[in-house]
Each structure stands twice: as structure tokens, then as C-alpha cells.
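Residue-level structural notes
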Amino acid sequence: MKSKFIPLILIFIFLITFVIFFKGLKNSNIYTPNTNLKKEVPLFELKSFENNSIIISEKIFEDNKYYLMNIWASWCIPCKEEHKFLMKLKKDERIELIGFNYKDNFKNASSFLKDLGNPYNIIVSDKDGTASIEWGAYGVPESFLVHQNKIIKRFIGPINDENLLEIQKIIR
Amino acid sequence: MASLIGSYSLSFGLLFSILIIFFSVKNLKAEILDKKIITFTFIQFFFVVISFFGLIISFINSDFSNETVFNHSHTTKPLFYKISGTWGNHEGSLLLWLLVLTLFISIFLIKSNQQPKKYRIFTLLFQQIIIVGFFIFLIKTSSPFNYIFPTPNEGLGLNPILQDPALAIHPPILYLGYVGSSIIFSSALAAMVTSYVSKEWAKHIKKWVLASWVFLTLGILLGSIWAYYELGWGGFWFWDPVENVSLMPWFALTTLLHCILVLEKKKILTSWAMILSIATFALSMSGTFLVRSGILNSVHTFANDPERGLFILIFLFTLIFLSIFIFIFFHSEKEKLENNFFWLSKETSILVNNWFMMYFLSVVLIGTIYPIFLEVITTNKISVGPPFYNKLILPFLIPFLIAMAIGPNLNWVKSDFKDKFYMTIFLIISFLLSAVIIKQFDINFLINTILVTSAFFLFFSTSREFFVKRFRNLSQNIAHFGFSLLILSILFNNIFSNEVITNLKIGETFETEKFTINFENIKQEDEKNFKAIIGKFNVQNLDGSSDILNPELRIYNQPNIITSEADIKTNLLTDKFMTMNYVQNQEYFNIRYQVKPFMIWIWVSVILISFGGFLSFFKKRYEV
Amino acid sequence: MKFIPIFLIVSIILNFNLLKADEIKTENKIAKNLRCLICQGQSVYDSDSEFAISLKLVIKNKIQQGLSEEQIYSFLKMKYGEWILYDPVFNRNTYFLWLLPILIFLAGGAIIIKRFYNKK
């Protein structure tokens, strides 16, 4: 009785392990966080990029509009790629772009904007990267779509054609 | 050209597997062992050697028409790293596996001529199953000899953090340990099939267990040393899945080693020894699976390919089910019931050792694969890291250490507590000593004191053994003494380490109560395949002494990667460890400075442990 | 003879005057218990990536604001999910993780004890 029971359990355990590993193989091991979070916009006070005046987050997102909060830096290469999409979005009246200048210096960042154009309505600077943590961001580039003080969608990595269409669909 | 030869050699090698299997099966019926089979095994080994050298030569000549060379080498790389690059990648390292597999079976055939023929043939057969699996895996999914046309002018280069002497020899040593366990596996299966599980078998297989164990221990040590010097975080163990994966077979092998010591004397615990022999190899193979398939999130990344993972997975479970099948149908536990089995016998202490080892193994195993299970079943992702292992392992270390101190003083069958007096004295001294030490710091007084007490207890009792027993049991004593030293060093290293991370500009000074760091200057140097930025730091200690530390930033040309080279000042008591890191768009550097006590003793104690294992090779007989 | 190593060790230990920088200690401890999300299998403490450097700063600021260790963990768990914590929380998802090893330990003990009963 006992001698038959134990091997059966063993085989059963190994079969389950096999199935789990098999399924696990198909899952990607790259961490992708939930991108559709209805979270409140975190509060922050940051210096304005242009003139060092203090900007409070409540002031930025107060209108009943859509906002795209975009984390960027002049040293970030993928940011250059996504910039043209941001410039396209700029033309859209229904959305405002907020630039979140990440660990950058003024000189490089302004020449970056001079060369490629400035899509942002407001730019705040996050000198040490701590404010981006409050947003739950991973790094540059990363964008958050905000409406009525809620984050409705986040984009990790550069914005591409597909994302652009998605945004335009949401704000319509 | 070299890779063409290598490629053909591989196919010939596989061909010989088929020949060997064919003749072995034929011999089994006739109950003879044909000389032909042994010759074939050598020829097969020879072909794998040629294939391996073919790859090395392609690497040395920077033959970029070979895909593996193109992906992992570069003309400006120093010769030493061109050669070590051969096994620094997925394809090459598998070829190395195969090389060791065929080498070991050849050695086995030479060394085992005293053993029954049937047993030898079965071992060879099971080993050939593994070898064929690896041949097919190599040729089908990860051939190191893929041809690319047109031939690129330049290779992609080897990741600079892999360009390190410790890491160059780490894989070969580790594989000797892993693959050694394959012989134990095949031989255990063969012993079950031929009903040869006996004292004689234990004596014969013990050599293989010891050898694999020594290599595995050293392999893990080298990996750990590499992590400490190269990865720039100042730690030597991080409970990273890949580290765990090498630790699990180590636990199984250590348990097996102790179990074999009993089996060598008395025919008991046979089933347990069989299970362990199978588990050791199964764990080595699952290690390969977990690392190569990319199912785990880890610092060690090989190019991941689900197809490869699938192959190893199926192969692994085929072997597991095969061994379960053999275990159920062939193994019969015919143990002589000996009545002289007492509570305080040496056997008991070995059983207790096995018990704790299995517990540690289960903690590491569950901690490593649980996240995979949870993610598949519930899609929740969790991390299992150092705090988990510390919480579950440290409390259990206390009885383990104490049992380890008392155990070897017990005699084989029956023992009275003749050493009670010394033991009590040692326990008291250890406790007082630890209490004095730990009281200095306001950190978890209770658990730390008890932990350090038990480690000291083992330390003293093993030290005494050297005087009492002199050369008897020397190897075991050295290994156990090394283990006590290891635990003590790790504990002190954790408790007394002093770490600072700060941002400094050139010329700035950072002060703490213990030391002052002054960032004096930086200079630039050009090397063959990288540019170096070397910082000069002056660290003033409280006692007035000062150290100059020169951490480096290296900007490699191929591939273009910035690495940070730690500068480490080592002496007998402490390591001073400093790294410098570039911070985006700032004129300051991120400086990490650590004072790590007893660092060198961690390495020394692991070397002692493996030296103990090495010594018992030369022992004719295990002393009573 | 035996006392020489003891004296040696005691004298070594007494020479360590640890700095009482509790804040730095907690800071390091927290950073060691967090996974650097953008790196492969490194803790925030060990990593030198931009993300990890900023996160270390955040931890420092939070400590100075008077937040406890637990509060910082739950803050980060809220922002980044359970994946960031190296110390898995004991809940429905992790009962097996924490208890299975202990169960195995108990079972092992039971088997050994049973063995002796049978022998006697």
C-alpha cells in the first residue's frame, strides 16, 4: 500500500512541475507593470525648467483636459526618437504636454529643444529624479496620460506610432 | 576551416554514441565487456576534444565567419580572453559540458576495472543516454559552428564584466562538479539495475562524489570571488537564482557524501543514497534549465531561446522519470537489520546532518522556483530575496552547528559522552565571548549572540580535534574546521561591515565618525581595448592610518560599455573596498566605500573545506 | 594554547568602534531589501543605475521626513507593486513559500524518529 502510494505522489508532483515550467517558459520574464491604473496624480512641487519658479502639481492638471506627462532628458537617446510624435501631439488642442526634465542640465536640455522643437506647455525639472519615483516611473522616457487628476494610461519606453493612435483615440 | 573540422567532429562523436550503445546492448546479453567499447568511448572523447579545439582555434584566429566567434569575440581582445571566451557563451559552454561528459566516462571505464562488468556496461549506457541528449541539444539548437556569410570584419566583443581571470576558469571548474554528478547518477542507476548497491559500490563511487564535491565547491567559490571583485557591489553572495542553482546540487552532494560514508561501513540507508544520487544530477540539470531558458530573472544572462529551454526541460524530465521508474522497479531495500543502532551513534549524527542539509536545500529550492509557480498559477509576481533566506536559514543554523560540533566526537556504534567536560567548557567560553562581542553593537542581541556562540562552539571543538586526534580523520576535521571558520567570517563580515554611498566632486571630502574620504584627483589612461578613468582617494581612518584607493571606470570599445572596477585593499583583518560610478550629467561621481572585515577568511575557509575533501582522496580507508 | 586565538579575536573586536550612524544603516538596509526594477536581479543598494540612485535618494528623504521602515516599504509597494520587495509578505499567495520548508523539516524529523522506533 505504502510503497505504491509514494511513487504515485512523486510522479504527480513532477508532472505538475513539468507543466508549470512548460507554461513558465512561454511567459516573458521581463517585468511589465499594469499600464491601465486609475491612480491619483501624485502631488509635487518642482522648479520650473525656464525660470526656477516653483510649480505645484495641482496647478498643472486643474483643467478638465487631457494631459500627457512626459519624462525626458537630453542625454536619453530613445527620447530623440519619440520627440517627433510628441511634436505631432502638440498640434492637438485637446491635450496638453507636460515635460518632466529628468536629471538634466539646463544647457543641454535647451539646445535639445532648440534643435528638435519644444512640444511642451509646461516643463518642470526633476534634478535628482526623486519626483519621478513618486509617479512610480522607471526611468526615461516614460509618459503618463492624465485626465481629471487620474493617471489613465502609462507608456514605458518611447512613444511610437501605435501609442500615438491610442492616445488620439482616448482623447477624442 | 577549424570550425568546419569542429563541426564534423561533433557529428562523428554522435555516431560513436550509437555504436557504443549498440555494442553495449549486445555485450549485456553475453555478459562480457568488449575492448571495442572502451576504444570507441576514447575515440568519441577524442572527437569532442577536436571539436572543442576547433572552436578555441576559431576564437584565437578571430574567425568571424563562425557565428559564435562573431557574437562573442573581437580582434582587440587580449589572447587570454579570446580563449576563455570559448566557454563564456551558451554554445561554447555546452560544448565544454559535452567534453567533460565524455572525459569522465572514459576515466570511469579505466578506473572501474575492478567492478562487475554488467554494472560497468549499464553505467556506460546511462551515461551515453545523457551524452546523446547533449549531442542532439548542441547540434540541433545551439551549434557553436554556425557559418555566416559574408564574413564580418569585426566581432561584437565579449561583455567586459566577463573579462576576468576568476571568471575565465570558473565555468570549467564548476562544470567538472556538475558533470561529475552525472557519473554518480548513471552509476547509481546501474547499481540499482544490477542490484549492486553495496558497501563495495559505496567505496568505489565515493571517489567520484568527493571529486565532484571538491570541484563544485571551488567552482562556487570562484564565481563568488568574481562577483565580489567585478560586479562592484562589494558582496559575495546575493541569493541570486543562478547562485542558488549552483548551491542546490552542492547541498545534495554534501548530503550524499555523508550518506556514502555510512553506506561504506554498513548496508543501510541505501534508498536514501539512491535518491540523493539521482537528485544531485537532476538539480545540476535543472540548474542548466533555469539558467539557459531565461525563465528566471537574474544577473547572469545567456542568450535566451525558448526552444532551448523546452529541449532541456523535456530531456530533464525524461531522465527524472526514467530514474523514478528504475528506482521503483529495480531497487529493493534489503538492509541488514542491525540492532546496535543507538541514539548517540555517529550514524545518528550523520542522519541529523542529512536532515538539516535537506531542509536548507528545500528552502533554497522553494525560494528559487516558487515565484515561477505563483506567476503561472495566479499571474502575481513576487520577489524572493536575501531576507527570506536569512529568516529561514539562520535560526536553523544554530542546532546544525551544535550538532556538527558534537557529532564527530561520537563513535561509530555506541558512544558515551567522554568529552562532556570539554564540550561544556567550550560552550560556556563561546557564549561569553559572543556576548562580549555582540554587546558592543545594538543589533538583535539575542539571535546574533546565539548564532555566534554556536559558530564559536564548532570552531573550538574542531580545533581541539586537531590536538586530540592528530592525523586521524584529518580531512573531515579540516573540512569541518573550515566550515566553522566560514560561518564565523560570514557572521562577522555582516555584523561589522561599514558601508557608505555618497556623491563626491574632485577635491571634496566626505566625513563620518569612522573615516574621512578625500577625493584627490582623476587621471586618464589608454589600454588596448578600453580607456580608463582612475580616481585617487585618500581615506583617513580614526586611528591615524590612511589608505590610498584607486577605483577605475573603464570605457570599453567593443562592445561600448562602461564598467566600474573596484579597488580593494586586502589585509588579514579587513578589506577596504571602493568603487566609483559615473552619474548622468553631474560633475560628481557616485562613490561606494565599504569596510568589510574578515573578507579574506571567507575565501580561505572555503579553500580549507575543499582541501579537506581533496585530502580524503589519499586515504586508503575511512578510519573508525 | 587555546587562549591565544581567543585573545586575538577579542582584541580585534574591541578595536572596532562602530559609527552610530543609524540613519545610514536603515537607509542601506531598506535599499538592500528592494529589487532594482530595471536591472537584472540586483538590489537597489547594489545597483548604480539612474533608477536606483534616485530611489536611494527618495529613501533618504523619506527617513528624514520621519517615515518608518514599514511605511517606506508600503509606499514603494503602492507605487511599484510587490515585485519590488525582496522580503515576500506573508499572505494568501505566500503561505506555501514560508510554510513548506518548515513542513519538510518537520517531516524529516518524523521520519528519523520513526526509524528508531522501528529499529527498537
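Position numbers for residues count from 1 along each chain, tracking the sequence in the order it is written. Numbering of ligands from 1 and lettering of chains from A proceed in the order in which they are written. Note on the predicted model: pLDDT of at least 70 is required for a residue's local features to be given, and 80 or more for side-chain atom pairs to be given and counted; whole-chain, interface and lining totals, by contrast, use all residues. Remark: hydrogens and water are excluded; side-chain values derive from all non-hydrogen atoms of the structure.

Observations concerning the overall build of chain A
Scanning chain A for helices and strands turns up 6 helices and 8 strands. To qualify as a helix, a DSSP run of H or I must reach at least 4 residues; to qualify as a strand, a run of E must reach at least 2; elements of each kind are numbered from the N terminus. Taken from the N to the C terminus, the helices and strands of chain A come in the order α-β-β-β-α-β-α-β-α-β-α-β-β-α. The globule rule puts the C-alpha radius of gyration for 172 residues at 16 Å, and the 22 Å found for chain A is more than 25% above it. Taking the principal axes of its C-alpha atoms as reference, chain A extends roughly 80 × 35 × 30 Å. Counting the 172 residues in chain A, one finds 48% classified as buried. Here chain A contributes 24 positively and 20 negatively charged side chains, and the mean placements of these two sets differ by 9 Å. As defined in this context, the radius of gyration uses C-alpha atoms, and a globule is described by 2.2 Å times the residue total to the power 0.38. For the exposure calls, accessible area comes from a 1.4 Å probe over protein chains only, and a residue counts as buried if that area is under 20% of its type's maximum, exposed if over 50%, partly exposed in between. In summary, the charge assignment counts Lys and Arg as positive and Asp and Glu as negative, without counting His or the chain termini. Where a charge sits is defined by one atom per residue type, namely NZ (Lys), CZ (Arg), CG (Asp) or CD (Glu).

Some thoughts on the pattern of salt bridges
Residues and elements named next belong to chain B. Only one rule defines a salt bridge in this text: a Lys or Arg side-chain nitrogen within 4 Å of an Asp or Glu carboxyl oxygen. All chains considered together, the criterion is met by 17 salt bridges over all chains. With a shortest N-O distance of 3.1 Å, Glu91 and Arg308 are connected by a salt bridge. Here Arg308 lies in helix α11 (residues 306-330) and Glu91 lies in helix α5 (residues 90-111), a separation of 217 residues in the sequence. Of the two residues, Glu91 and Arg308, neither departs from the other in class, the shared state being buried.

Looking at the side chain of Thr94(C)
Looking at the secondary structure, you find Thr94(C) in the loop between α4 (69-80) and α5 (95-119). When its relative accessible area of 0% is taken as the criterion, Thr94(C) is described as buried. Discounting chain neighbours no more than four positions away, the residues touching Thr94(C) are Tyr370(B), Ile382(B), Pro88(C) and Val89(C). Between two residues, a contact is recorded if the distance between any of their heavy atoms is within 4.5 Å.

Concerning the state of the cysteines
Residue and element names in this part refer to chain A. Two cysteine sulfur atoms make up a disulfide if the distance between them is within 2.5 Å. Under the definition given, this model contains 1 disulfide over all chains. Covalently, Cys76 is tied to Cys79 through a disulfide, its sulfur atoms 2.2 Å apart. Here the disulfide of Cys76 and Cys79 is right-handed, its torsion about the S-S bond being about 95°. A single burial state applies to Cys76 and to Cys79, both of which are buried.

Structural notes on the nonpolar core
Core analysis: the largest hydrophobic core is formed by 186 residues, its most contacted members being Phe21(A) and Trp201(B). Counting residues per element, this core draws most heavily on helix α12 (residues 346-378) of chain B, at 17 residues. Working definition of a nonpolar core: buried Ala, Val, Leu, Ile, Met, Phe, Trp, Tyr and Cys residues. They are joined through side-chain atoms within 4.5 Å.

Digging into empty space enclosed by the protein
All names here are of chain B. Residues are said to line a cavity or pocket when one of their atoms sits within 4 Å of a point; the points come from a 1 Å grid over protein atoms alone, cavities being sets where a 1.4 Å probe fits but cannot get out and pockets being open sets with protein on both sides within 12 Å along at least five of seven lines. Grid points are joined across faces, edges and corners, and a volume is the space filled by probe spheres set on the points. Applying the stated criterion across every chain yields a total of 7 cavities of 30 Å³ or more. A volume near 540 Å³ is recorded for the largest cavity. In this structure, the largest cavity is lined by 30 residues; those nearest its centre are His258, Leu261, Asn353, Gln476 and His480. Secondary structure elements with two or more residues in the lining of the largest cavity: α8 (199-230), α9 (241-263), α12, α13 (386-406), α16 (474-496) and α17 (599-615). No other element matches α12, which puts 6 residues into the lining of the largest cavity. Amino acids are sorted into nonpolar (Ala, Val, Leu, Ile, Met, Phe, Trp, Tyr, Cys and Pro), charged (Asp, Glu, Lys and Arg) and polar (every other residue, Gly among them). Per-class residue counts for the lining of the largest cavity are 16 nonpolar, 11 polar and 3 charged.

A few points about the pairing of strand β2 (residues 45-48) of chain A
All names here are of chain A. Any two strands with at least two DSSP bridges between them are considered paired. In terms of strand pairing, β2 meets strand β3 (residues 54-56) through 3 bridges, oriented antiparallel. Bridging across to β3, Lys47 finds its partner in Ile54. Between β2 and β3, which pair antiparallel and follow one another directly, the connecting turn spans 5 residues, one of which, Asn52, has a positive phi of 65°.

Remarks on the environment of Met358(B)
All names here are of chain B. Along the chain, the position of Met358 falls in helix α12. Given the relative accessible area of 19%, Met358 is considered buried. Sequence-wise, Met358 and Met248 are 110 residues apart; in three dimensions their C-alpha atoms are separated by 9.6 Å. In this view, Met358 contacts Thr255, Trp272 and Leu276; residues no more than four positions away in its chain are not counted.

Quick notes on the sheet that holds strand β10 (residues 589-597) of chain B
Residue and element names in this part refer to chain B. A sheet is described by the order of its strands in space; here 4 strands give the open sequence β1-β10-β9-β8, paired in antiparallel fashion. With one partner strand each, in any of the chains shown, β1 (498-504) and β8 (567-570) form the two edges of the open sheet. Neighbour to neighbour, the strand axes of the sheet diverge by 10° on average, direction disregarded. Bridge count between β8 and strand β9 (residues 574-582): 4 bridges; the pairing is antiparallel. Within the sheet, the bridge partner assigned to Thr570 lies in β9 and is Asp575. Angles shown run from 0 to 180 degrees and are taken between the N-to-C directions of axes, each axis being a line fitted to C-alpha atoms and, for helices, limited to the stretch in contact.

Quick word on the packing of helix α3 (residues 77-90) of chain A against helix α6 (residues 161-171) of chain A
Helices that pack against each other are described as a pair by the angle of their axes relative to one another and the distance between those axes. Residue and element names in this part refer to chain A. At a minimum axis distance of 10 Å, the contact between α3 and α6 shows a crossing angle of 20°. Classified by the interaxial angle, the pair formed by α3 and α6 is roughly parallel. Of the two elements, α3 crosses α6, and the hand of that crossing is right-handed. Each of Phe85, Lys88 and Leu89 in α3 lies in contact with α6, whose residues at this interface are Asp161, Leu164 and Ile167. Comment on the angle field: the value is read as roughly parallel under 35 degrees, roughly antiparallel over 145, roughly perpendicular from 65 to 115, and oblique elsewhere. Take the far helix as your reference; a near helix turned counterclockwise from it by less than a right angle gives a left-handed crossing, and one turned clockwise gives a right-handed crossing.

With respect to the interface of chain A and chain B
Each partner contributes to the interface: chain A provides 23 residues, whereas chain B provides 27 residues. Taking both partners together, chain A and chain B bury about 2200 Å²; carbon and sulfur atoms supply 76% of that area. For the pair chain A and chain B, the interface holds 0 salt bridges. Two N or O atoms count as a polar contact when they lie within 3.5 Å, although within protein this holds only if one can serve as hydrogen donor and the other as acceptor, and sequence-adjacent residues are included solely when both atoms are side-chain atoms. For the pair chain A and chain B, the interface holds 0 residue pairs in polar contact (both at pLDDT 80 or more). Per element, the largest residue contribution to the side of chain A that touches chain B is 13 residues, and it comes from helix α1 (residues 2-26) of chain A. Here the side of chain A that touches chain B is built from residues that sort into 12 nonpolar, 7 polar and 4 charged. By buried area we mean how much accessible surface two parts lose on assembly, using a 1.4 Å probe and totalling the loss over both.

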